[in-house]
Amino acid sequence: MIRRQLLAPLAGLALVGLALAGCTGPTGASDLMPTAAAAPTTTTTTPAPPATPCSGPTKSYAPQGALPGPGAMPAGSTMAKISARGKLVVGVSADTYLLGFRNPISGRLEGFDIDLLREVSTAIFGSPDKIEYRVITSGQRIDVLTSGKVDLVARAFTITCDRWNQIAFSAEYYHAGQKVLVPSDSGAKRIEDLKGKRVCAPKGTTTLTRLEKYGQIKAVPADTHTQCLALFQEGRVDAITGDDTILAGFVRQDPYAKVVGAPLSDEPYGVGVAKGNRDLVRFVNGVLEKWIADGEWAASYQTWFSVLGAPPAPPRPVYGRS
């Protein structure tokens with residue numbers, strides 16, 4: 001009971017911090033609404049190809065030659081249209097600590113996913129700040145791409161064969177794994193020990209779908225990871241399941257929680273792109289290669305995920321789609 005009384009306000013404070021940060025001047029807060037801003041002026045003109053058998057979900061489109069310099073995007077390309085618009089429009093999380101979250105002091109969005117998007121902005125404009133952020137839930141990630149509301153989505157987005165039938169993905173840029181977070185005094189050592197317990201996961205995620213394999217677990221869906229944390233700290237759920245990157249952020253926020261068990265899955269993260277914009281996929285893959293080669297991937301990992309240990313080797317890109 002003491003644990004719940006002390007920590008129940010924490011998630012609420014996090015949400016209040018996000019709201020207050022939106023009132024601190026020109027920090028981009030006006031863009032941080034799921035449906036507020038109008039769709040970007042570019043539209044996908046290339047017909048989306050029909051669904052095809054998926055021989056490997058992490059296989060993407062290879063970059064075509066060296067990256068063009070900022071301001072020198074190929075004529076007629078998706079990147080040239082973004083450059084002419086003057087901003088890159090992206091779908092992100094603002095409450096997934098360490099991946100995409102609003103710093104309550106500076107009011108800026110930060111995290112591993114944000115670092116990557118700033119690299120893409122730099123490659124197009126020569127500046128990391130030419131970005132319009134649109135905060136979305138996990139369940140909105142595909143819709144905002146297929147409707148043309150954003151150019152890219154970087155939001156702990158697991159690459160799957162089913163999703164390839166609706167959108168396209170960059171090469172894998174981070175390899176996560178689903179685990180379980182429980183109270184620090186829990187005797188559970190793995191997900192099988194949570195039979196009859198209430199386990200929270202966000203709607204529209206592979207994490208929630210995977211809970212169906214454990215029939216005696218009571219799956220509790222929530223709109224966001226932060227809502228799962230609030231339910232956990234209020235004692236309304238007994239555990240949270242999610243990618244290790246996300247749960248690492250929760251442990252940093254809640255000293256009375258711990259992560260248990262071996263990974264339940266492989267979760268390869270990719271940048272989501274509208275299916276018809278293959279040139280943009282190839283461009284992003286070129287940016288990813290440079291980000292890794294320059295050592296900036298490892299530097300970003302060290303900044304955000306040092307709690308998980310020393311930086312692993314970055315995922316090797318897999319190409320072959322045509």
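Further up the page is the structure itself.
Conventions and cut-offs
Residues numbered from 1 in each chain as written. Predicted model: local features only at pLDDT ≥ 70, side-chain atom pairs only at ≥ 80, totals over all residues. Heavy atoms only, no water. Pairing = 2+ DSSP bridges. Helix = DSSP H or I, 4+ residues; strand = E, 2+ residues; numbered from the N terminus. Disulfide = S-S within 2.5 Å. Buried < 20%, exposed > 50% of the residue type's maximum accessible area, 1.4 Å probe, protein only. Salt bridge = Lys/Arg side-chain N within 4 Å of Asp/Glu carboxyl O. Core = buried A, V, L, I, M, F, W, Y, C linked by side-chain atoms within 4.5 Å. Contact = heavy atoms within 4.5 Å. Polar contact = N/O pair within 3.5 Å; in protein donor to acceptor, adjacent residues only side chain to side chain. Phe/Tyr/Trp six-rings, centres within 6.5 Å; stacked < 30°, edge-to-face > 60°. Axes fitted to C-alpha atoms, helices over the stretch in contact; angles between N-to-C directions. Parallel < 35°, antiparallel > 145°, perpendicular 65-115°, else oblique. Nonpolar A, V, L, I, M, F, W, Y, C, P; charged D, E, K, R; others polar.

> Explanation requested: the sheet that holds strand 5 (residues 109-110) in the structure shown.
With antiparallel pairing, the three strands of this open sheet are ordered in space as 3-4-5. In this open sheet, the two strands that pair with only one neighbour each are strand 3 (95-96) and strand 5. Where strand 3 and strand 4 (residues 100-102) come together, two bridges link them in antiparallel fashion. If you follow threonine 96 over to strand 4, its bridge partner there is glycine 100.

> I keep staring at the state of the cysteines and nothing clicks. Help me out?
What we call a disulfide is simply a covalent bond connecting the sulfur atoms of a pair of cysteines. The full count for this structure, using the stated rule, is one disulfide. Each disulfide pairs two cysteine sulfurs, and for cysteine 200 the partner residue is cysteine 228, the sulfurs being separated by 2.1 Å. Where cysteine 200 bonds to cysteine 228 through sulfur, the torsion about that S-S bond is close to -75 degrees, and the disulfide is left-handed. In this pair, cysteine 200 is assigned in strand 11 (residues 198-202) and cysteine 228 in helix 7 (residues 225-233), connecting sequence segments 28 residues apart. Per residue, the accessibility class of cysteine 200 equals that of cysteine 228, and both read buried.

> How should the pattern of salt bridges be read in this particular structure?
Oppositely charged side chains are able to pair whenever their charged atoms sit close together. Across all of its chains, the model carries 12 salt bridges by this definition. For aspartate 223, the salt bridge identified is with lysine 203, shortest N-O distance 3.1 Å. With aspartate 223 in the loop between strand 12 (218-222) and helix 7 and lysine 203 in the loop between strand 11 and helix 6 (206-210), this pair connects stretches of sequence that are 20 residues apart. The partly exposed category is assigned to aspartate 223, whose relative accessible area is 33%. Judged by relative accessible area, which is 41%, lysine 203 ranks as partly exposed. Connected through salt bridges with shared partners, the residues Lys87, Glu132 and Arg134 form a single ionic network.

> What am I meant to see in the nonpolar core here?
Counting 70 residues, the largest nonpolar core has Phe112, Leu152, Tyr173 and Tyr174 as its most contacted members. The leading source of residues in this core is helix 3 (residues 112-125), at eight residues. The residues touching phenylalanine 112, leaving out its near neighbours within four places in the chain, are Leu98, Leu99, Tyr173, Tyr174, Trp291, Trp297, Ser300, Tyr301, Trp304 and Phe305. Grouped together as the second largest cluster of nonpolar side chains are 13 residues, Val180, Val199, Ala201 and Val260 included.

> Quick question: what am I supposed to make of the environment of serine 127 here?
Mapped onto the secondary structure, serine 127 falls in the loop between helix 3 and strand 6 (131-135). For serine 127, a relative accessible area of 19% gives the class buried. The sequence separation of serine 127 and proline 70 amounts to 57 residues, and the corresponding C-alpha distance is 8.7 Å. The contact partners of serine 127, leaving out residues within four places of it in the chain, are Ser121 and Thr122. For serine 127, the side chain forms a polar contact with the main-chain nitrogen of aspartate 129, separated by 3.2 Å.

> Honestly, the environment of arginine 282 in this entry has me stumped. Any pointers?
Along the chain, arginine 282 falls in helix 9 (residues 278-293). Take arginine 282: its relative accessible area is 17%, and that puts it in the buried class. Separated by 221 residues in the primary sequence, arginine 282 and tyrosine 61 place their C-alpha atoms 5.5 Å from one another. Leave out the neighbours within four places in its chain, and arginine 282 touches Tyr61, Ala62, Pro63, Gln64 and Arg321.

> Explain the packing of aromatic side chains to me, please; I cannot follow it from the model alone.
Two aromatic rings are characterised by how far apart their centres lie and by the angle between their planes. Here the structure, examined in full by the defined rule, presents 16 aromatic pairs. Here the aromatic rings of phenylalanine 112 and tyrosine 173 are separated by 6.2 Å at their centres, their planes lie at 20 degrees, and the arrangement is stacked. Linking phenylalanine 112 in helix 3 with tyrosine 173 in the loop between strand 8 (168-169) and strand 9 (174-176), this pair joins segments that are 61 residues apart in sequence. The buried category is assigned to phenylalanine 112, whose relative accessible area is 0%. Relative to phenylalanine 169, the ring of phenylalanine 157 lies with its centre 5.0 Å away and its plane at 70 degrees, an arrangement referred to as edge-to-face.

> Quick question: what am I supposed to make of the sheet that holds strand 6 here?
Within a beta sheet, neighbouring strands are joined by backbone hydrogen bonds and run either parallel or antiparallel to one another. Reading across from one edge, 6-2-7-16-8 is the order of the five strands in this open sheet, with mixed pairing throughout. Lying at the two open borders of the sheet, with one neighbouring strand each, are strand 6 and strand 8. As paired elements, strand 8 and strand 16 (residues 272-273) share two bridges and run antiparallel to each other. Each bridged residue has a counterpart across the sheet, and for phenylalanine 169 the counterpart in strand 16 is glycine 272.

> Before we go on, may I ask you to explain the packing of helix 2 (residues 78-85) against helix 9 in this structure?
When two helices pack together, you describe them by how their axes are tilted relative to each other and by the distance separating the axes. Here helix 2 crosses helix 9 at 80 degrees, and the two axes come no closer than 8 Å. Between helix 2 and helix 9, the angle falls in the class roughly perpendicular. Residues Thr78, Met79 and Ile82 of helix 2 touch helix 9, and the partners they reach there are Asp279, Leu280 and Phe283. Its residues assigned to classes, the contact of helix 2 with helix 9 shows four nonpolar, one polar and one charged.

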